[in-house]
Amino acid sequence: MTSVVRPIVHGAVAGLAGTTALNMAGYVDIVLRGRPISDTPEITVRSLADKLHVRIPGDDQIRENRVAGLGPLMGYTVGMGMGVALSLVQAAGLLPTKTSRYAFASLFALTVTNVPIFILGISDPRTWTTADWVSDVIPHGVFAVVAVRVIERLEAAGSRG
């Protein structure tokens, strides 16, 4: 693979693995604490559609079903993009230590996912309780650990030929 394609492919795989791990951590939290599933992805889809003047087709039920599918798809797409960005940053040598990779990946994941919901007026992290932050930080930390480890493993395997 060419020098740019490899980190893109590795990052996409890492982002998808990290997003799967993030979702699993979130579902474990739901089971352990008995909290409801977040409707933030669906609200984000509706808000973005409104802001972009895009009509999601179908009658009320069909449209809601599409929104319910678009929420998770958007999450996987964002996760894949974050993995690609992390891999490119790492390939450029900007994160030379494991600590810097994990710290950057965690902060990057929290920022990429929380800033849009703040800007769209869906949620304000400044008003979150400790429990709210825990249920957000832990899954995003899990994303970071998995994504960084997958990138490292794929890069190591690629360098061995």
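Residues numbered from 1 in each chain as written. Predicted model: local features only at pLDDT ≥ 70, side-chain atom pairs only at ≥ 80, totals over all residues. Heavy atoms only, no water.

Q: When you look at helix 4 (residues 98-119) in this model, what are you seeing that I'm missing?
A: Along an α-helix, residues three or four apart share an orientation, since each turn contains 3.6 residues. Here helix 4 spans 31 Å end to end across 22 residues, near enough to the 32 Å set by a 1.5 Å rise per residue. By the burial criterion, the buried members of helix 4 are Arg-101, Ala-105, Ala-109, Leu-110, Asn-114 and Ile-117. Against helix 2 (40-51), helix 3 (60-91) and helix 5 (130-159) lie the buried residues of helix 4. Of the residues one or two after helix 4, Gly-121 is the one with positive phi, at around 75°. (Helix = DSSP H or I, 4+ residues; strand = E, 2+ residues; numbered from the N terminus. Expected span 1.5 Å × (residues − 1). Buried < 20%, exposed > 50% of the residue type's maximum accessible area, 1.4 Å probe, protein only. Contact = heavy atoms within 4.5 Å.)

Q: Teacher, can you tell me more about the side chain of Arg-101 here?
A: Along the chain, Arg-101 falls in helix 4. At 2.7 Å, the side chain of Arg-101 forms a polar contact with the side chain of Glu-152. (Polar contact = N/O pair within 3.5 Å; in protein donor to acceptor, adjacent residues only side chain to side chain.)

Q: Would you explain the packing of aromatic side chains in this entry?
A: Working definition: an aromatic ring pair is given by the centre-to-centre distance plus the angle between the planes. Considering all chains together, one arrives at two aromatic pairs under this definition. Measuring from centroid to centroid gives 5.5 Å for Phe-104 and Phe-108, while their planes differ by 10°, and the two rings are stacked. Linking Phe-104 with Phe-108, this pair stays in helix 4, spanning four residues, or about one helical turn. For Phe-104, a relative accessible area of 31% puts it in the partly exposed group. (Phe/Tyr/Trp six-rings, centres within 6.5 Å; stacked < 30°, edge-to-face > 60°.)

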